[in-house]
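Below, each chain spelled out in residue letters.
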Amino acid sequence: VQLQASGGGLVQAGGSLRLSCAASGRTFSSYAMGWFRQAPGKEREFVAVISRSGGMTYYGDSVKGRFTISRDNAKNTVYLLMNSLKPEDTAVYYCAADVMAKTTSRYEYWGQGTLVTVSS
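Residues numbered from 1 in each chain as written. Predicted model: local features only at pLDDT ≥ 70, side-chain atom pairs only at ≥ 80, totals over all residues. Heavy atoms only, no water.

### Here's the deal with the side chain of Ser51
- Relative to the assigned elements, Ser51 resides in the loop between β5 (45-50) and β6 (57-59).
- With relative accessibility at 7%, the residue Ser51 sits in the buried group.
- Among the polar contacts made by the side chain of Ser51, one reaches the main-chain amide nitrogen of Gly55 at a distance of 3.1 Å.
- In contact with Ser51, not counting residues within four places along its chain, are Ala32, Met56, Arg71 and Met100. (Helix = DSSP H or I, 4+ residues; strand = E, 2+ residues; numbered from the N terminus. Buried < 20%, exposed > 50% of the residue type's maximum accessible area, 1.4 Å probe, protein only. Polar contact = N/O pair within 3.5 Å; in protein donor to acceptor, adjacent residues only side chain to side chain. Contact = heavy atoms within 4.5 Å.)

### Observations regarding the state of the cysteines
- Here the structure, examined in full by the defined rule, presents one disulfide.
- Here Cys21 pairs with Cys95 through a disulfide, and the sulfurs are 2.1 Å apart. Since a negative S-S torsion denotes a left-handed disulfide, the Cys21-Cys95 link at about 65° is right-handed. With a gap of 74 residues between them, Cys21 in strand β3 (residues 17-24) and Cys95 in strand β9 (residues 91-98) connect regions that are remote in the sequence. Residues Cys21 and Cys95 agree in their burial class; the two are buried. (Disulfide = S-S within 2.5 Å.)

### A look at unusual backbone geometry
- Positive phi, normally seen in glycine, also occurs at Asn76, with a value near 55°.
- Unusually for a residue other than glycine, Ser84 sits at a positive phi of about 50°.
- Residue placement: Ser84 occurs in the loop between β8 (77-82) and β9.
- What makes Ser84 partly exposed here is its relative accessible area of 41%.

Any functional reading would require information beyond the geometric quantities listed.
Pasting the structure below:
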């Protein structure tokens, strides 16, 4: 499966952004979908994951209550709605597909990343 992330940009603290990740290739609904992020000089961090049907979601502690992951299997797309953004949310955000997991090593397929910059 090929993944294409989009929707990043510059936003002020307290603002919102919605990221999208469009999938092509093998059946999108066969994969759990995750979002990760990587800030400069830091390791890639788990943000959120959603099950194949969309019925289960998990979030990293730093984004819980502010971010919402969702998917539309008819459109082969997963979304990440980010509210109440903070400067520490600044990072390159990556979508990934495979099993439902919180660790990068469990994902085989990755998108190219989209940059989110939150100004204070």
